[in-house]
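Spelled out from the first residue to the last, the chains are:
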Amino acid sequence: MKAADAKQMAPEVKPQTTAEAYLALLASRGVDYLFANGGTDFAPIVEAYAKASSQGVKLPEPVIVPHENMGVAMAHGYTMITGRPQAMMVHVGMGTANSINCIINASRQNIPMLFTAGRTPITESGDLPGARNNYIHWAQEHFDQGGMLREFVKWDYELRHPEQIETVVDRALAIAKSEPTGPVYLTLPRETLGMPTGKRATSATTTQVNATPPAADPAALDELTRMLAAAKNPLLITANGGRTPEGARALTRFAEAWAMPVVHYRPRYLALSTEHPLHAGWEPHAALKEADLVIVVECDVPWIPSQGGPRADAKVVHIGADPLFTRYPLRGFRTDMAVTGLVAPTLSALADRAPAAATLKARHDATAKACEALRKSQRSGCATMPKMLTTKYTTACINKLINEKCGEDAIFVNEYPLVLEEMEIRTPGRYFGSAPAGGLGWGLGAAIGAKLAARDKTVICTVGDGAYMFGNPTAAHFTARAMGLPVLFIVYNNARWAAVHRSTLAMYPDGTASKMQQPPFATLEPSPHFEKVAEASDGCGIRVSRPEDLMPALEKALHAVQVEKRQALINVELEVSYVKTS
């Protein structure tokens, strides 16, 4: 039975409490899941779900997550696949504090989300249902609970009366979904949730819609068209251009129309096929030396200034819903033009203004030849086996197996370790990278959320050993098992905190730490048997330390996921290395 049919057949039952009205509103507004880590503030929510179940009322499916940060990452992963914002509820300020890391990730990656928390009961006397009745209700209260995350949400509010519930929910979702999209925060006092709704009925459809997206100024498009026509060596740099299928198609068409190489720099969403003739790899700095026009599309950090930026005579244009990234305190990248507009319509309009293909054929052919040579020079593949397992060889083996066994049905959720030069990903919507804020612990939950949104796909989650530990692995594997979401987890385990030591080497290349075998704050030894954590939740756990064992291990783990329908984890013990991945 389809969800829409189930909703139509569900009986009409008028909500009696604010909690019941709240959950009914979420269901009618298209929220599929309420990810939740409960506490003493959840009593009205628990009762509302129990009543709905006994009455056959359809509500968002509750998802129990044993850690708040992982729950936010799951909601993030579900939304990045579907585009539909979900709800998350945590326990008062304490649960909010546990969630902030992944809320920052969602904020910087523009993931719309209704993030909610209970609020310590307001009253002490006991005259109202839900008043304080537990010793924690005094110490847990904040003067300003929303203040701890206000910098990273678009809107926050505390529900003050049952009469407000429809306005508050509809406003929250409308703001979250308006460009630039992002999370919002709503606190729900226990007494208010338990209060009767009164006589006022709620609407079957939303009372507030999200704002129309920003559209590029026609005069700016005219000027940019002249700049494109005059450019001899244009370059496009993007990180989030493939956020939507429409954006990915428009970016591809724009690059083809203007014969322009495309660099995915620290991509969170893939826009252009890695095999496209104009795909110019993952590193912009060499290409910037030649470019006389740089088009930056939805990319917060298009280059690292200390590693070289655009030529002095080059023009730099930033395009996006918020091309100046106004919520970033400091961002000084040169900007000759900032075009406010969504990727798909803006780049489509510019593609329509391109000259005939024959005019730029020579540049297209020369660019395609250079991009092909770059791909060949950077790829090693897995035909030649190294003496020890490396990140590059591991990635090449994963790429070979997944392309042979899964093809376009695979989704990659990558928290740093993949060597992207070895990857062949031909369609958008198949690769998702961690947020630019770098809040570790995102990958496991995001992958499980992605699998929840795409049960028919094979989801592969690649994480470093440090990121795996940050991801609350016991909670993650529990949830994957409990919900029947088999994900293939691959831990790149070099027993090192490589980013810490790399940054030290960058500042002090000849320093004392550079000469040490085990530099301070950079070792993660003795390394745990990560595979046993997955086994504790009935997953397939495999540890690999020899290159010749890697491909058989990958095949066994993939069989467990695809055929046995259970999660699998491969603990790949790599050579000790501080090498930077893509």
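Residues numbered from 1 in each chain as written. Predicted model: local features only at pLDDT ≥ 70, side-chain atom pairs only at ≥ 80, totals over all residues. Heavy atoms only, no water.

*Asks:* Sorry, what's going on with helix 9 (residues 218-230) here?
*Replies:* Each α-helix turn comprises 3.6 residues. Residues three or four places apart therefore point the same way. Relative to the 18 Å expected for 13 residues at 1.5 Å per residue, helix 9 spans 19 Å between its end C-alpha atoms, a close match to the ideal helical length. Restricting attention to buried positions, one finds in helix 9 the residues Ala 220, Leu 221, Leu 224, Thr 225, Met 227 and Leu 228. The buried residues of helix 9 occupy one face: seen down the axis, they fall within an arc of 165°. Opposite its buried face, helix 9 presents the exposed residues Pro 218, Arg 226, Ala 229 and Ala 230, each directed more than 90 degrees away. (Helix = DSSP H or I, 4+ residues; strand = E, 2+ residues; numbered from the N terminus. Expected span 1.5 Å × (residues − 1). Buried < 20%, exposed > 50% of the residue type's maximum accessible area, 1.4 Å probe, protein only. Arc of directions from axis to C-beta.)

*Asks:* So what exactly am I meant to see when it comes to the pattern of salt bridges here?
*Replies:* Pairs can form between side chains of opposite charge once their charged atoms are near each other. In total, this model carries 31 salt bridges according to the counting rule given. When the shortest N-O distance is used, the salt bridge between Asp 409 and Lys 457 registers 3.3 Å. Remark: Lys 457 occurs in the loop between helix 15 (443-453) and strand 14 (458-464) and Asp 409 occurs in the loop between helix 14 (391-405) and strand 12 (410-415); sequence separation between them is 48 residues. Take Asp 409: its relative accessible area is 40%, and that puts it in the partly exposed class. Using a relative accessible area of 24% as the deciding quantity, one classes Lys 457 as partly exposed. For Glu 573, the salt bridge identified is with Arg 543, shortest N-O distance 3.6 Å. One end of the pair, Glu 573, is in strand 17 (residues 568-573); the other, Arg 543, is in strand 16 (residues 540-544), with 30 residues separating them in the sequence. One network of salt bridges, in which partners are shared, links Arg 119, Arg 132, Glu 141 and Glu 158. (Salt bridge = Lys/Arg side-chain N within 4 Å of Asp/Glu carboxyl O.)

*Asks:* Can you walk me through the pairing of strand 10 (residues 315-320) in this structure?
*Replies:* The two faces of a sheet get side chains in turn, since along a regular strand they alternate between them. Strand 10 sits mainly inside the fold: 5 of its 6 residues count as buried. Relative to strand 10, strand 9 (residues 293-297) is paired through 5 bridges, and the arrangement is parallel. Opposite Leu 293, over in strand 10, you have Lys 315 as the bridge partner. (Pairing = 2+ DSSP bridges.)

*Asks:* In this structure, what is going on with unusual backbone geometry? I would like to understand it.
*Replies:* In this model, Glu 179 is joined to Pro 180 through a cis peptide bond whose omega is -10°. For Pro 180, the location among the structural elements is in the loop between helix 7 (165-177) and strand 6 (183-189). The residue after Glu 525, namely Pro 526, is reached through a cis peptide bond having omega 0°. Its place among the elements puts Pro 526 in the loop between helix 18 (498-507) and helix 19 (530-535). A positive phi angle is found at Asn 110, which is not glycine, with a value near 55°. Relative to the elements of secondary structure, Asn 110 occurs in the loop between helix 5 (92-108) and strand 4 (113-119). A relative accessible area of 17% means that Asn 110 is categorised as buried. Notably, Lys 565 is not glycine yet its phi reads approximately 60°, a positive angle. Checked against the element boundaries, Lys 565 lands in the loop between helix 20 (547-562) and strand 17. Owing to a relative accessible area of 57%, Lys 565 belongs among the exposed residues under this scheme.

*Asks:* I'm lost on the side chain of Gln 164 in this one. Help?
*Replies:* Relative to the assigned elements, Gln 164 resides in the loop between strand 5 (156-158) and helix 7. Gln 164 sits in the buried class, given a relative accessible area of 17%. Aside from chain neighbours lying at most four places away, what touches Gln 164 is Tyr 157 and Leu 159. (Contact = heavy atoms within 4.5 Å.)

*Asks:* Help me understand the nonpolar core in this model?
*Replies:* In a soluble, globular protein the nonpolar side chains are often hidden away together inside. With 54 residues, the main nonpolar core has Phe 35, Met 74, Met 80, Phe 115, Val 413, Ile 448 and Leu 452 as its most contacted residues. For this core, the element with the most residues is helix 4 (residues 68-82), which contributes 7 residues. With residues near it in sequence (within four places) discarded, Phe 115 still touches Val 72, Met 88, Val 90, Thr 96, Ser 99, Ile 103, Leu 149, Val 184, Tyr 185 and Leu 186. Ile 402, Leu 420, Met 551 and Ala 568 belong to the second largest nonpolar core, which has 37 residues in total. (Core = buried A, V, L, I, M, F, W, Y, C linked by side-chain atoms within 4.5 Å.)

*Asks:* Where do I start with helix 4 in this structure?
*Replies:* Its 15 residues give helix 4 an end-to-end C-alpha distance of 21 Å, which sits within 8% of 21 Å, the value for a rise of 1.5 Å per residue. Among the 15 residues of helix 4, 13 are classified as buried, and the element is accordingly described as predominantly covered. Following helix 4 by one or two positions, Gly 83 adopts a phi angle in the positive range, close to 80°.

Function cannot be inferred from these measures alone, as they are strictly geometric.
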